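# Observations on the three-dimensional arrangement
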Amino acid sequence: MAAIARLHFLHHSSSVLKPSSISSKLQLSNSSSFFCNPNFLRNNTRIRKLHLTTSLCSNSNPTPENSPANGPGGSIVGDLLDYLNESWTQFHATAEAKRQLVAAGFHHLSENDDWELKPGGRYFFTRNMSCLIAFAIGEKYSVGNGFYVIAAHTDSPCLKLKPKSALSKSNYLMVNVQTYGGGLWHTWFDRDLSVAGRVILRASDGSFQQKLVKVKRPLLRVPTLAIHLDRTVNQDGFKPNLETHLNPLLATKHDDASPDAKDKSKSYHHPLLMQILSEELGCEVDDIANIELNICDTQPSCLGGANNEFIFSGRLDNLASSFCALRALVDSCGPKDLSAEHAIRMVALFDNEEVGSDSMQGAGAPTMFQAMKRIIDSLANQYIRESIVERAIRQSFLVSADMAHGVHPNFMDKHEEHHRPELHKGLVIKHNANQRYATSGTTAFLFKEVGKIHNLPTQDFVVRNDMGCGSTIGPILASGIGIRTVDCGIPQLSMHSVREICGKEDIDIAYNHFKAFYQTFSSVDRKLNVD
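What you see is a predicted model, and the numbers here were worked out from it, not measured in a lab. (Residues numbered from 1 in each chain as written. Predicted model: local features only at pLDDT ≥ 70, side-chain atom pairs only at ≥ 80, totals over all residues. Heavy atoms only, no water.)

Let us look at the pattern of salt bridges. Evaluated as defined, the whole model comprises 14 salt bridges. Residues E292 and R198 are paired through a salt bridge, measuring 3.0 Å at the closest nitrogen-oxygen approach. Pair noted here: E292 is in strand β10 (residues 288-297) and R198 is in strand β7 (residues 193-202), with a separation of 94 residues, a long-range link. Judged by relative accessible area, which is 34%, E292 ranks as partly exposed. Ionic pairing is found between R464 and D466, a salt bridge with its closest N-O pair at 2.8 Å. One network of salt bridges, with partners in common, ties together D79, R327 and D331. (Salt bridge = Lys/Arg side-chain N within 4 Å of Asp/Glu carboxyl O. Helix = DSSP H or I, 4+ residues; strand = E, 2+ residues; numbered from the N terminus. Buried < 20%, exposed > 50% of the residue type's maximum accessible area, 1.4 Å probe, protein only.)

Time to look at the nonpolar core. Of all hydrophobic cores here, the largest spans 59 residues; its most connected members are I311, V399, F447, I507, F514 and F517. The element that contributes the greatest number of residues to this core is helix α11 (residues 316-331), accounting for ten residues. Those residues within four positions of F447 in sequence are excluded, and the remaining contacts are V399, L427, I429, V486, C488, H513, F514 and F517. One finds L117, I133, F147 and I481 within the second-largest nonpolar core, a separate group that totals 35 residues. (Core = buried A, V, L, I, M, F, W, Y, C linked by side-chain atoms within 4.5 Å. Contact = heavy atoms within 4.5 Å.)

On to the environment of K169, then. Mapped onto the fold, K169 is located in strand β5 (residues 158-169). On a C-alpha basis, the gap between K169 and K253 in space is 9.0 Å, while along the polypeptide they are 84 residues apart. Filtering out sequence-adjacent residues up to four positions away, K169 remains in contact with M174, T244 and N247.

Attention now goes to the sheet that holds strand β6 (residues 172-180). Adjacent strands of a sheet form backbone hydrogen bonds with each other and so pair up, either parallel or antiparallel. With respect to topology, six strands assemble into an open sheet ordered β8-β7-β10-β5-β6-β9, the strand pairing being antiparallel. The sheet is open, and its two edges are formed by β8 (208-214) and β9 (249-252), each paired on a single side. Geometrically, the sheet is characterised by an average inter-axis angle of 30° between neighbouring strands, direction not taken into account. Note that β7 and β10 share nine bridges and pair antiparallel. If you follow L201 over to β10, its bridge partner there is I288. Against the sheet, helix α7 (residues 90-103) touches β5, β7, β8 and β10, its axis set at about 100° to β8. The sheet strands contacting helix α10 (residues 271-281) are β5, β6, β7, β8, β9 and β10, and the helix crosses β10 at an angle near 95°. (Pairing = 2+ DSSP bridges. Axes fitted to C-alpha atoms, helices over the stretch in contact; angles between N-to-C directions.)

This part is about the sheet that holds strand β16 (residues 427-431). With mixed pairing, nine strands are arranged side by side in an open sheet as β1-β2-β3-β13-β4-β14-β18-β16-β17. Two strands lie at the open edges of the sheet, namely β1 (107-108) and β17 (458-462), each paired on one side alone. Most of the contacts of helix α15 (residues 441-453) go to strand β18 (residues 484-489), to which it runs at about 60°, and overall it touches β14 (397-401), β16, β17 and β18. Against the sheet, helix α17 (residues 504-525) touches β4 (147-153), β13 (344-350), β14, β16, β17 and β18, its axis set at about 155° to β4.

The subject of this paragraph is the packing of aromatic side chains. For the structure shown, the criterion picks out 14 aromatic pairs. Relative to F312, the ring of F310 lies with its centre 6.3 Å away and its plane at 20°, an arrangement referred to as stacked. Residue classification places F310 among the partly exposed residues on the basis of a relative accessible area of 24%. Classification of F312 as partly exposed rests on a relative accessible area of 27%. Here a set of aromatic residues connected by ring pairs shows up, and it is made of Y148, F397, F447, F517, Y518 and F521. The aromatic ring of Y180 is capped on one face by K160, whose charged end is 4.7 Å from the ring centroid. The side chain of R374 reaches across the aromatic face of W115, ending 4.1 Å from its centre. (Phe/Tyr/Trp six-rings, centres within 6.5 Å; stacked < 30°, edge-to-face > 60°. Lys NZ or Arg CZ within 6 Å of the ring centre and 35° of its normal.)

Turning our eyes to something else, we now look at the pairing of β14. The buried fraction of β14 amounts to five of the five residues, a majority that puts the element mostly inside the structure. The two faces of β14 match: F397, V399 and A401 on one face and L398 and S400 on the other face are all buried. With four bridges connecting them, β4 and β14 associate as parallel partners. By the bridge assignment for β14, I150 is matched with V399. The pairing of β14 with β18 spans five bridges and is parallel. Considered in β18, the bridge of L398 is made with T485.

As a further point, take the pairing of strand β2 (residues 122-127). Counting buried positions along β2 yields five of six residues, so the element is predominantly enclosed. Note: β1 against β2, two bridges, orientation parallel. The partner of H107 across the bridge, within β2, is Y123. Alignment of β2 against strand β3 (residues 131-137), held across six bridges, turns out to be antiparallel. Of the residues in β3, the one forming a bridge with R122 is A136. Taking the residues that link successive antiparallel strands as the turn, the β2-β3 hairpin has three residues, and the phi of N128 there is positive, at about 65°.

In this section: α17. Taking 1.5 Å of rise per residue, the 22 residues of α17 would be expected to cover 32 Å, and the 30 Å separating its terminal C-alpha atoms lies within 8% of that figure. Within α17, the axis deviates most sharply at Q519, by approximately 55°. Here α17 lies mainly inside the structure; 19 of its 22 residues are buried. (Expected span 1.5 Å × (residues − 1). Bend = angle between axes of the 7 residues up to and from the residue.)

Here it is in structure tokens:
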């Protein structure tokens, strides 16, 4: 099913392909004409239904040729859907980003080792397998030149298993969970859920290793209470208690009086859950030393709307930004692209933005600044001059990319009257006089100017004065190291729901704008001098 759905994207396929997908695409490409043949579809009812269903996850309504989203490399929407479906957790998102960077020729660094870097080189490192920094050094780089950075985050609001997750009520086996971030928790009810994340395994030699796990089949469900037992819910509102009403069902409880069962009942997690994990990992239950799991929605990311103009998915905030940034870096860092570059192009993907960024792998840690300093130190060799790190940061520019609030047609009054971003209209520049966003008049102008050169639209967002304003990693990084910053985002609806919406065309616009930023910002920046 998934392979057939991807047929419509073959002519837009990425230069970075999964090895497993190459052979399947070759095998199916010749048969795709059957599914596009009207007579074949008319005479085959089951195939016709299949074609109708899979088209919702395909690019059957491609971007118009005169659209600003249509770059020379074609649409990346199909590859974004693949990335979203791979990236159920922050760990999987980072692992998939790592795979794509390696496939594109980036060299994997370790923070524990010495770095030997050179102009024209492309590198990356990960931290906690949930934070990633990737960068490409211009071949004409000189010590003290700046960094052009796009920063985003890999985490999204979700439910996470508690350290002791085994819970039993009324002959049901349930999973004890805690809320992560500010989710719209009512949207998690009556969804087909499962688990994914990271486990620590014991090896036969006594060592330990981390391994990612994803149980793709529906495993859990949080059922709502029938209206017959809650007659006033539509008048009073659905107000679940997050401690007692949000625990998912795993199974019905079976009586087992065996000694082994009694011993296992004292474990932190249900033996049934651990058995499922061990089967998924191909190991023994006793080999699992620790688990760190998210609850995840199993419904795949796909296209939707009458014209397939929307993307329906979980975790758009902020994996859509992360992927556009990552892909823009990869596609703008070929040998020819770096031959005339004087700066360093960088992507920074952080964890824990949804809970304040104050962690080792979050934007509140000095990860990015330390990476900048190490890069400069490695490239400086014997070059010693006053304040080269500080001068480099002063010449740098950061794009903080996090999803933006598109105007909701049923709640238009929630937006300031003259700042109502729309889907399909380009990146949203976020402004806030109280510095909840790091955008200034100067940084907004420079970023918009990059878009104008490439005929890419932008929009502006300001929150109403009578409403609170969210924030991003932009102010954290801007104030932490003193780097010029603009906050921007792809407009979306249903932010922090288990299932979110954004415009298909905005993905390509964002990708092209980020790519243009890497390729042309230096020429724009030198035209404006602000002391």
